[in-house]
Amino acid sequence: MPAPRTLGRLSVLHSWAGIVTGLLLFIVCLSGAVLVFRHEIDLWANPSLARLPRSERPAPLDTVLAQLHQRYPGATVESIALPDAVNPNYFAWVRERGAPAHRRTKVALRSDSGAVVGPVDNQLGQFLRMLHVFLFFGPRTIVGFLGAVMLVLIGTGIVIHRKILAELFTQRWGRSPRVVLSDLHKCTGIWGLGFHLLIATTGAWMGLAPLFERGYQYLRPGTDAESMASAAARQSAAAIPATMPSLDALHAAAQRAVPGLRTRHVSLRRWGSSTAEGGFGGHLDNHLGSTARVEFDAATGMLKNLHDPRSRGFWSQVDSLMEPLHFGDFGGLTLKWLYFVLGLSAALLSISGTLIWLDMRQQRQRAAQARVPAPAHGPPVAG
């Protein structure tokens, strides 16, 4: 059992970590709870897309790409999302000629014919994702740091509240608001402990792992020089037109290279030039891994890079599990509802902890004022 002084310090750490990050944690947890339904939300926000027919044999990728080039001549098609279990349509992200590099148009296409439906007007699901993953104003590292803080809060909370089994069913509804809120805070934390650990760990991993990976690559000798030379070579050759191979043929090659690949998205870089690249990424059949990816030199059709987490060792497999475990998009609608409810419980912890701290602070201030002796009153004493 920790010493009383240690418990006191952990309690202070728990309180201040929650107060400093409470609002951000509330926003991230609440948006994350809703975000499990991001595809359903997009269809709800765009009812005309939800009414489009679902095709058992979606139109070829070559047809989709040709329809996009016909509808947006001179535009750059950067990526294509394939139909999935929720979304019955193709989606493409297009940067029109003359538009800034960061401005892209999301375009919907029918899955049966590849015909362009038009720009997607309401992107509420993407709005929620930007809020949850980036908080709109920063890199994903910020949310990764919040995941690490959440792990600290969980660890210190377990040590501070040692009578876990006793507090598991303790909810004193007839007491003061602070006691009721404190019991609710403890019960919510205990009942959702496993889920909160999972969300905090996967969120911290996805946010902070790229930072450590970039640091490792930076420290490797020659890495910067090689990458700069490679980028310069690509830029010098990017303007040379070249004939592109069939996108469907590249897709078939990707599925042969990674058996069981369920392609979710296709990326096109410098398409139409001699340095064009095509990438196919997605999930794996009978595996939670979400980082499978195959990249080709599109001008030659040669395989350039292959990432199959099943053959990359332990840490690669762990990394491939992070996103599915964090967003809960692998178990159907029932699992999504479970993630939603438990995600709300994490948001409740953030707000209830802040309210408890504010109430305790007000009580301490009132107690301190009560201990101050009142000034003496009465007529002055004559000398």
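Up top you'll find the structure we're talking about.
Bear in mind the structure is a predicted one, so any value in this text is a computation, not a measurement.

Visitor: Which parts of the structure should I look at to understand the overall build of the protein chain?
Guide: When helices and strands are tallied, the protein chain shows 13 helices and 8 strands. The buried share of the protein chain, reckoned over its 383 residues, is 39%. Taking contacts inside the protein chain between residues at least 6 apart in sequence as the whole, the part at least 24 apart equals 61%. Per element, the accessible surface of the protein chain, about 21,600 Å² overall, is 63% carbon and sulfur.

Visitor: Whenever I open this one, the pattern of salt bridges confuses me. Can you help?
Guide: All chains considered together, the criterion is met by 14 salt bridges. Note that glutamate 277 and arginine 269 form a salt bridge whose closest N and O atoms lie 2.8 Å from each other. For arginine 269, a relative accessible area of 27% puts it in the partly exposed group. Note that glutamate 277 and lysine 304 form a salt bridge whose closest N and O atoms lie 2.2 Å from each other. Residue glutamate 277 is located in strand S6 (residues 277-284), and its partner lysine 304 is located in strand S8 (residues 302-307); the two are separated by 27 residues in the primary sequence. Judged by relative accessible area, glutamate 277 falls into the buried class, the value being 8%. Put simply, Arg269, Arg270, Glu277, Arg293, Glu295 and Lys304 are held in one network by salt bridges that share partners.

Visitor: In this structure, what is going on with the sheet that holds S8? I would like to understand it.
Guide: Strand pairing in a sheet is mediated by backbone hydrogen bonds. Such pairs are either parallel or antiparallel. Spatially, 8 strands are ordered S4-S3-S2-S1-S5-S6-S7-S8 in an open sheet, and the strand pairing comes out antiparallel. Two strands in the sheet have a free side with no partner beyond their single neighbour: strand S4 (116-119) and S8. Neighbour to neighbour, the strand axes of the sheet diverge by 20 degrees on average, direction disregarded. Note that strand S3 (residues 105-109) and S4 share 3 bridges and pair antiparallel. When the sheet's bridge partners are listed, alanine 108 is paired in S4 with glycine 118. Across the sheet, helix H11 (residues 247-257) is in contact with strand S1 (76-81), strand S5 (261-269), S6, strand S7 (287-297) and S8; its angle to S5 comes to roughly 135 degrees. Where helix H12 (residues 314-327) meets the sheet, its contacts fall on S6, S7 and S8, and the angle it forms with S7 comes to roughly 110 degrees.

Reading the values: the criteria
Residues numbered from 1 in each chain as written. Predicted model: local features only at pLDDT ≥ 70, side-chain atom pairs only at ≥ 80, totals over all residues. Heavy atoms only, no water. Helix = DSSP H or I, 4+ residues; strand = E, 2+ residues; numbered from the N terminus. Buried < 20%, exposed > 50% of the residue type's maximum accessible area, 1.4 Å probe, protein only. Contact = heavy atoms within 4.5 Å. Areas by Shrake-Rupley, 256 points an atom, 1.4 Å probe, with all protein chains shown as cover. Salt bridge = Lys/Arg side-chain N within 4 Å of Asp/Glu carboxyl O. Pairing = 2+ DSSP bridges. Axes fitted to C-alpha atoms, helices over the stretch in contact; angles between N-to-C directions.

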